[in-house]
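# Geometric and topological summary
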Amino acid sequence: HLRGFRSGPPEIGRRMVVSGDRVYVSLGYGEPVTALDASTGKQLATFDGTDGARELLLTDGVLYVLADDMTAAEHEERKAEINRISPTLDIWYLFPRKPISMYGTQRIVAIETDSGEPIWKRHFVASGEVMPTTMAVDDGRVCLQTVSRVVCLDASGGKDLWQSERPVARSRLSWST
């Protein structure tokens, strides 16, 4: 209730998961996943290859991390730019029509939580290709939505099981956006 409608990153609710006596969280944008003791907050481990963690899902002792290559410094630069411009605007829609990158090139990393060892990685080509909050894990599958496809991966190895085109309207009337 203290924030405006749709303010903040859409994946904010997927940046932390808890299992038993452990909390898995990225302690900042551009940062890797850290395992914390749930009762003390003591840092137990930091997982290699998870820098830029955006979303975390945990099932059956495997942590699935959607991450990108945008650094903490780039996040701070983007935030500073938005904070510099926003107070000068009388009306929000006057925000300059200059693109501000929200995501870097993404990847999914599957990690065995007990050992901290990576099981597999899957890289995506385009910046921001995976749509926020669309990744789901169940029954040995990782499913997600990209800009133009629905993708299903094998949860144990990251290999494609299937993909399906997802028709997207490339332009719409402004009132429908």
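Residues numbered from 1 in each chain as written. Predicted model: local features only at pLDDT ≥ 70, side-chain atom pairs only at ≥ 80, totals over all residues. Heavy atoms only, no water.

### Here we look at the pairing of strand β7 (residues 105-112)
Burial runs high along β7: six of the eight residues are buried. Both strand β6 (residues 62-68) and β7 contribute to a ladder of seven bridges, which runs antiparallel. Looking across to β7, one finds that Ala 67 is bridged to Arg 107. As consecutive antiparallel partners, β7 and strand β8 (residues 118-127) are separated by five residues, and within that stretch Gly 116 has a phi angle of approximately 80 degrees, a positive value. (Buried < 20%, exposed > 50% of the residue type's maximum accessible area, 1.4 Å probe, protein only. Helix = DSSP H or I, 4+ residues; strand = E, 2+ residues; numbered from the N terminus. Pairing = 2+ DSSP bridges.)

### A closer look at the sheet that holds strand β2 (residues 22-26)
Pairing in this open sheet of four strands is antiparallel, and the strands run β1-β2-β3-β4 from one edge to the other. For this open sheet the edge positions go to β1 (16-19) and β4 (43-46), each flanked by a neighbour on one side alone. Averaged over all pairs of adjacent strands, the angle between strand axes in this sheet comes to 20 degrees, irrespective of strand direction. Two elements, β2 and strand β3 (residues 33-37), share five bridges in a ladder whose sense is antiparallel. In the sheet register, Tyr 24 faces β3, and the bridge partner there is Ala 35. (Axes fitted to C-alpha atoms, helices over the stretch in contact; angles between N-to-C directions.)

### Some thoughts on a negative patch on the surface
A cluster of like negative charges, contributed by Glu 31, Asp 48, Asp 51 and Glu 117, occupies part of the molecular surface. Along the polypeptide, Glu 117 turns up in the loop between β7 and β8. (Patch = residues over 30% accessible without salt bridge, like charges linked within 9 Å, V, L, I, M, F, W, Y side chains within 5 Å. Areas by Shrake-Rupley, 256 points an atom, 1.4 Å probe, with all protein chains shown as cover. Salt bridge = Lys/Arg side-chain N within 4 Å of Asp/Glu carboxyl O. Lys, Arg positive; Asp, Glu negative; His and termini not counted. Charge placed at Lys NZ, Arg CZ, Asp CG, Glu CD.)

### Focus on the packing of aromatic side chains
A complete count under the given rule lists two aromatic pairs for this structure. Taking 6.3 Å as the distance between ring centres and 55 degrees as the angle between the ring planes, the aromatic pair formed by Tyr 64 and Trp 120 counts as tilted. Here Tyr 64 is found in strand β6, whereas its partner Trp 120 is found in strand β8, with 56 residues between them in sequence. Taken individually, Tyr 64 and Trp 120 each receive the classification buried, so the pair is uniform in this respect. When the ring centre of Tyr 29 is taken as origin, the NZ or CZ atom of Arg 15, which lies over that ring, is 3.8 Å away. The ring of Phe 124 is capped by Arg 122, whose NZ or CZ atom sits 5.2 Å from the centre of that ring. (Phe/Tyr/Trp six-rings, centres within 6.5 Å; stacked < 30°, edge-to-face > 60°. Lys NZ or Arg CZ within 6 Å of the ring centre and 35° of its normal.)

### Structural notes on the sheet that holds β6
Sheet architecture is open: four strands sit in the order β5-β6-β7-β8, paired in antiparallel fashion. A single partner strand is all that each edge strand has here, and the edge strands are β5 (53-59) and β8. When the angles between neighbouring strand axes are averaged without regard to direction, this sheet yields 15 degrees.

### Topic: the pattern of salt bridges
Should their charged atoms come close, side chains of opposite charge can pair. Applying the stated rule across the entire model yields six salt bridges. Its salt-bridge partner being Arg 54, residue Asp 68 comes within 3.0 Å of it at the nearest N-O pair. With a gap of 14 residues between them, Asp 68 in strand β6 and Arg 54 in strand β5 connect regions that are remote in the sequence. For the residue pair Asp 68 and Arg 54, the accessibility class agrees, reading buried in each case.

### Regarding the environment of Arg 15
On the secondary structure map, Arg 15 appears in the segment before β1. Separated by 38 residues in sequence, Arg 15 and Ala 53 place their C-alpha atoms 7.8 Å apart. For Arg 15, the residues in contact, after removing those within four places along its chain, are Tyr 24, Val 25, Ser 26, Gly 28, Tyr 29, Ala 53, Arg 54 and Leu 56. Within the local environment of Arg 15, its side chain forms a polar contact with the backbone oxygen of Gly 28, the two atoms lying 3.5 Å apart. In this structure the side chain of Arg 15 is engaged in a polar contact, spanning 2.9 Å, whose partner is the backbone oxygen of Ala 53. (Contact = heavy atoms within 4.5 Å. Polar contact = N/O pair within 3.5 Å; in protein donor to acceptor, adjacent residues only side chain to side chain.)

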